[in-house]
Amino acid sequence: MIKRKLFIFICLLIPILGSAQDISKHYKVYDVKKQKTISLDDIITDLSTANVLFFGEEHNDSIGHYLEVTLFKKMAAAYPGKTALTMEMFHTDIQPVINEYLSGIISEKNFIKEGRAWNNYKDYRPMIEFAKLNQLDVIGGNGAARYSNVVTKSGLETLNQLPANSKQFIAPLPIDTATGRYYDKFIETLGGHSMGPMKIYQTQNFWDATMAWSIAKYAKNNKDKKIFQVNGRFHSDEKLGTLAKLAKYAPKLKILNISAFSADDFNDPDWKKYAVLGDYIIVTDPTVKRTF
């Protein structure tokens, strides 16, 4: 069994070690506070005084996905046995399925099917496999589609009708709908179009609240853990969305956030323009597609 685990671990490292030198040319990391480019290791060092590190990704950014697993591994090495992964990509109600797979009880095929893995699960698989190999916790943080569909159709208040045992899978009710900058950004993203009768913005807040509540619950029960939260960057850019709700649920947590995205000005980034997005900005080379 030990030999088999060692073999799996080596196999997981091969693609990363083989391409790390090339990939390093295709991303840049900027520390907003220090106003200079830094290394990934500098972020890990800063985590010594923080509890949660958000990685706001673009879901189709292959370099961003590479950096996620790299940071997760660096966190685990720096804080052995004290690192956990929380994810937008899995739902709260399939936590038993996640735990069963991490424990080696069920097959990956069943995990992917019954865990309702995203279509691009291959992008997140390295983090899951690393967690499994090293017995690290993975928390499904998002609200299930059946709940978000209800909110989109009928609004947040409809969640009050859920049975008590279903409410354990969502953030405590009532869920606040953020106003101000976050709402403005959301409308801008939609191109200024009316959402009509659909409660799309309420659904966004439902996702944010449920992810934030999932992190807060885990942090409360695991005070010594460093938590790596992976989500689409709209959920955490400008420290809004999920990050803002987490700050309300758990005000004592120290939170750092990364905004990572493909940038057209990659060769000469306008860091001042991006500075509002997070504590760290990672720009990736837009000419690089899914080659890693």
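Thresholds, definitions, all that
- Residues numbered from 1 in each chain as written.
- Predicted model: local features only at pLDDT ≥ 70, side-chain atom pairs only at ≥ 80, totals over all residues.
- Heavy atoms only, no water.
- Helix = DSSP H or I, 4+ residues; strand = E, 2+ residues; numbered from the N terminus.
- Contact = heavy atoms within 4.5 Å.
- Areas by Shrake-Rupley, 256 points an atom, 1.4 Å probe, with all protein chains shown as cover.
- Salt bridge = Lys/Arg side-chain N within 4 Å of Asp/Glu carboxyl O.
- Buried < 20%, exposed > 50% of the residue type's maximum accessible area, 1.4 Å probe, protein only.
- Pairing = 2+ DSSP bridges.
- Axes fitted to C-alpha atoms, helices over the stretch in contact; angles between N-to-C directions.
- Phe/Tyr/Trp six-rings, centres within 6.5 Å; stacked < 30°, edge-to-face > 60°.
- Lys NZ or Arg CZ within 6 Å of the ring centre and 35° of its normal.

Asks: What's the story with the overall build of the protein chain in this structure? I'm lost.
Replies: Scanning the protein chain for helices and strands turns up 11 helices and 8 strands. Summarising the internal contacts of the protein chain: among those between residues at least 6 apart in sequence, 73% fall at separations of at least 24. Counting only carbon and sulfur atoms, one obtains 55% of the accessible surface of the protein chain, whose full area is about 14,500 Å².

Asks: Can you walk me through the pattern of salt bridges in this structure?
Replies: When their charged atoms lie close together, side chains carrying opposite charge are able to pair. Summed over all chains, the structure comprises 11 salt bridges. Notably, a salt bridge pairs Glu 58 with Arg 233, separated by 3.4 Å at the nearest N-O pair. Separated by 175 residues along the polypeptide, Glu 58 in the loop between β3 (52-57) and α3 (62-78) and Arg 233 in the loop between β6 (226-232) and α10 (241-249) bring together distant segments of the chain. Using a relative accessible area of 24% as the deciding quantity, one classes Glu 58 as partly exposed. Residue Arg 233 is classed as partly exposed on the basis of its relative accessible area of 21%. Ionic pairing is found between Glu 188 and Arg 181, a salt bridge with its closest N-O pair at 3.5 Å. Under the relative-accessibility criterion, Glu 188 is labelled exposed at 53%. Residue Arg 181 is classed as partly exposed on the basis of its relative accessible area of 37%.

Asks: What exactly am I supposed to notice about the sheet that holds strand β8 (residues 280-284) here?
Replies: Paired through backbone hydrogen bonds, the strands of a sheet run either parallel or antiparallel to each other. Across the sheet, which stays open at both edges, the 8 strands sit in the order β2-β1-β8-β7-β3-β6-β4-β5 with mixed pairing between neighbours. One side of each edge strand has no neighbouring strand; the edge strands of this open sheet are β2 (36-38) and β5 (138-142). Shown here is a sheet whose adjacent strand axes are inclined to one another by a mean of 25°, direction ignored. In the sheet, strand β4 (residues 83-91) pairs with β6 via 5 bridges, with the strands oriented parallel. Residue pairing across strands places Thr 83 opposite Lys 226, the latter belonging to β6.

Asks: So what exactly am I meant to see when it comes to the pairing of β4 here?
Replies: Remember that side chains alternate between the two faces of the sheet whenever the strand is regular. Counting buried positions along β4 gives 9 out of 9 residues, so the element sits mostly inside the fold. Where β4 and β5 come together, 4 bridges link them in parallel fashion. Residue pairing in the sheet places Thr 86 in a bridge with Ile 139 of β5.

Asks: Please explain the packing of aromatic side chains as it appears in this structure.
Replies: A ring pair, where both rings are aromatic, is described by two values, the distance of the centres and the angle of the planes. For the coordinates displayed, the defined rule picks out 16 aromatic pairs. The interplanar angle of 80° and the centroid separation of 6.3 Å between the aromatic rings of Phe 55 and Phe 228 together place this pair among those described as edge-to-face. Of this pair, Phe 55 sits in strand β3 while Phe 228 is found in strand β6, placing the two residues 173 residues apart along the sequence. The pair Phe 55 / Phe 228 is uniform in exposure class, with both members buried. Members of the aromatic cluster, joined through ring pairs, are Tyr 182, Tyr 183, Phe 186, Tyr 201 and Phe 234. Taking the ring centre of Tyr 101 as reference, the NZ or CZ of Lys 132 above it sits at 4.0 Å.

Asks: Just to check I follow, could you spell out the side chain of Lys 245 for this structure?
Replies: Here Lys 245 lies in helix α10. Residues in contact with Lys 245, not counting those within four places in the same chain, are Asp 176, Ala 178, Asn 205, Asp 208, Ala 209 and Ala 212.

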